[in-house]
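Residue-level structural notes
Next come the chains, spelled out residue by residue.
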Amino acid sequence: MTTHFKDLANAAAVDGKVDAQEVLALRRQGWGDGIIALDEAEALFALNNALDQRDQEWCDFFVEAIGEFVLNGTPPRLQCDAAEARWLIAQVDHDGIVDSVVELETIVRIIERAENVPAILKDYVVEQIEREVLTGTGPTRCGGELSDTHITSAEAKILRRVVFASGGCGPAAVSRFEAEMLFRLKDATISAANAPEWEQLFLDGVSNYLTGFTMANAQLDHDRKLELQSFIADSDANVGRFIGKMVRGAPNVSQNFANAMGVVFGKRKGGPLPESTGKNIVAASIEGAKVTQAEKDWVNAMVEADGELDDLERRLIARIAKGG
């Protein structure tokens, strides 16, 4: 971080607000080399903590800059490793709570943009959202009503963003951890005048967990993606030359090899993939949509937890009976 960037950040913190010109100066200085460095990201968090007023220009810049550092500061792109997740949590949780809209929006946007994030970050976000919804304290995206007596439209929208984020349990997939959180929120607010968006989210989220289909390789973790990228980029291995020699040395397999390479690059000379490949995926999705006995036992336990069958639970059971 340059001394000038630090001076800009310190000067902006003096009056407890950052105006549009100061944001522009920070943006130019911080992104002058095309990246956001660790010390620059930490300076931005320190500045955010010192602010009494956060205008839209500041919020947009902060979310963008911290997201860029976490997801693209080190290879591979659009990935957050465990160390980066712990750093982000420590920055946000320095006082024990997510205490500004921009901090919450930053974490949510990272999970939305990411191909994958570590479980510790996924779980942390879900826990924070649940606490804020139940206590009525804490921020919601772009403000909005926050209440400890019912689930508002703003709360339901940010819950949906987190639960179905691409970097969460899986692309548009809901985990058991998230489904149980939805049940707890439902039980705590069942007699309240909740927003219509909440009821739909509960039904969508829990039924997705029970009947959704997620491919095992839908997400690559940080280390695996880095390993694959390193292999492809390794000039010493000279993968192309090795493959060429292999094909020339074994002409009998050249046609099959060409077909296999066509699959990788989207041009399979022998025509489309075997029908069995598509059938396997369809079969797996059909199997995944079935509610297993273990899942039925889980639903029964969640429904019976409060000793009564409420309207949302009846609607959930009816949806599952109809096949999702």
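Cut-offs applied
- Residues numbered from 1 in each chain as written.
- Predicted model: local features only at pLDDT ≥ 70, side-chain atom pairs only at ≥ 80, totals over all residues.
- Heavy atoms only, no water.
- pLDDT = per-residue confidence, 0-100.
- Contact = heavy atoms within 4.5 Å.
- Helix = DSSP H or I, 4+ residues; strand = E, 2+ residues; numbered from the N terminus.
- Buried < 20%, exposed > 50% of the residue type's maximum accessible area, 1.4 Å probe, protein only.
- Patch = residues over 30% accessible without salt bridge, like charges linked within 9 Å, V, L, I, M, F, W, Y side chains within 5 Å.
- Areas by Shrake-Rupley, 256 points an atom, 1.4 Å probe, with all protein chains shown as cover.
- Salt bridge = Lys/Arg side-chain N within 4 Å of Asp/Glu carboxyl O.
- Lys, Arg positive; Asp, Glu negative; His and termini not counted.
- Charge placed at Lys NZ, Arg CZ, Asp CG, Glu CD.
- Axes fitted to C-alpha atoms, helices over the stretch in contact; angles between N-to-C directions.
- Parallel < 35°, antiparallel > 145°, perpendicular 65-115°, else oblique.
- Left-handed = near helix turned anticlockwise from the far one by under 90°.
- Nonpolar A, V, L, I, M, F, W, Y, C, P; charged D, E, K, R; others polar.
- Phe/Tyr/Trp six-rings, centres within 6.5 Å; stacked < 30°, edge-to-face > 60°.
- Core = buried A, V, L, I, M, F, W, Y, C linked by side-chain atoms within 4.5 Å.

1. Some details on the confidence of the model for the chain
- Model confidence for the chain is summarised by a mean pLDDT of 77, while 68% of its residues fall at 70 or above.
- For residues 215-220, every residue scores under 50 in pLDDT, and the model assigns this stretch 14 contacts once sequence neighbours within four places are set aside.
- Note on residues 257-269: pLDDT is under 50 here. Beyond four places in sequence and across chains, it has 12 contacts.

2. Quick look at unusual backbone geometry
- Here the amide bond leading from Pro75 into Pro76 is cis, since omega sits at 0°, within 30 degrees of zero.
- Within the secondary structure, Pro76 sits in the loop between helix H4 (56-72) and helix H5 (82-92).
- Here Leu78, not a glycine, exhibits a phi torsion of approximately 60°, which is positive.
- With respect to the helices and strands, Leu78 occurs in the loop between H4 and H5.
- Residue Leu78 is classed as partly exposed on the basis of its relative accessible area, which comes to 29%.

3. Observations regarding a negative patch on the surface
- Residues Asp15, Asp19, Asp52, Glu57 and Asp60 make up a contiguous surface patch of negative charge.
- Structurally, Asp60 is set in helix H4.

4. Description of the environment of Lys6
- Here Lys6 shows up in helix H1 (residues 3-13).
- Spatially, the C-alpha atom of Lys6 lies 9.9 Å from that of Leu47, the residues being 41 residues apart in sequence.

5. What about the environment of Asp7?
- Within the fold, Asp7 resides in helix H1.
- Taking the C-alpha atoms as reference, Asp7 lies 10.0 Å from Leu26; in sequence the two are 19 residues apart.

6. Digging into the packing of H5 against helix H6 (residues 101-113)
- Here H5 crosses H6 at 165°, and the two axes come no closer than 11 Å. Classified by the angle between their axes, H5 and H6 sit roughly antiparallel to one another. Where H5 crosses over H6, the handedness of that crossing is left-handed. Each of Leu88, Gln91 and Val92 in H5 lies in contact with H6, whose residues at this interface are Glu103, Ile107 and Ile110.
- Tallied by class, residues from the contact of H5 with H6 come to 4 nonpolar, 1 polar and 1 charged.

7. Some words on the packing of aromatic side chains
- Scanning the entire structure with this criterion turns up 9 aromatic pairs.
- Their ring planes at 85° and their centres at 5.0 Å tell us that Phe45 and Phe62 sit as a pair that is edge-to-face. Taken as a pair, Phe45 in helix H3 (residues 38-50) and Phe62 in helix H4 lie far apart in primary sequence, 17 residues in all.
- Overall, Phe45 belongs to the buried group, its relative accessible area being 0%.
- Residue class for Phe62 comes out buried when judged on its relative accessible area of 0%.
- What links up through ring pairs into an aromatic cluster is the set Phe45, Trp58, Phe61, Phe62, Phe69 and Trp87.

8. Description of the nonpolar core
- Formed by 72 residues in total, the largest nonpolar core has its most connected members in Trp58, Ile66, Leu88, Leu121, Trp198, Phe202 and Trp298.
- Examining the composition of this core, we find that 10 residues originate from one element, H4, more than from any other.
- Ignoring anything within four residues of it in the chain, the contact list for Leu121 reads Cys80, Ala85, Leu88, Ile89, Ile107 and Ile111.

9. Considerations on the packing of helix H9 (residues 176-189) against helix H10 (residues 196-211)
- Packing of H9 against H10 leaves a shortest axis separation of 9 Å and a crossing angle of 145°. The two elements H9 and H10 cross, and the hand of that crossing is left-handed. Together, Arg176, Ala179, Leu182, Phe183, Leu185, Lys186 and Thr189 of H9 and Trp198, Leu201, Phe202, Gly205, Val206 and Tyr209 of H10 make up the contact between the two elements.

10. A closer look at the side chain of Glu84
- Looking at the secondary structure, you find Glu84 in helix H5.
- Look at Glu84: it is buried, it has no salt bridge, and the nearest opposite charge is Arg86 at 10 Å.
- Beyond its immediate chain neighbours, meaning those up to four positions away, Glu84 contacts Phe69, Val70, Thr74 and Gln79.

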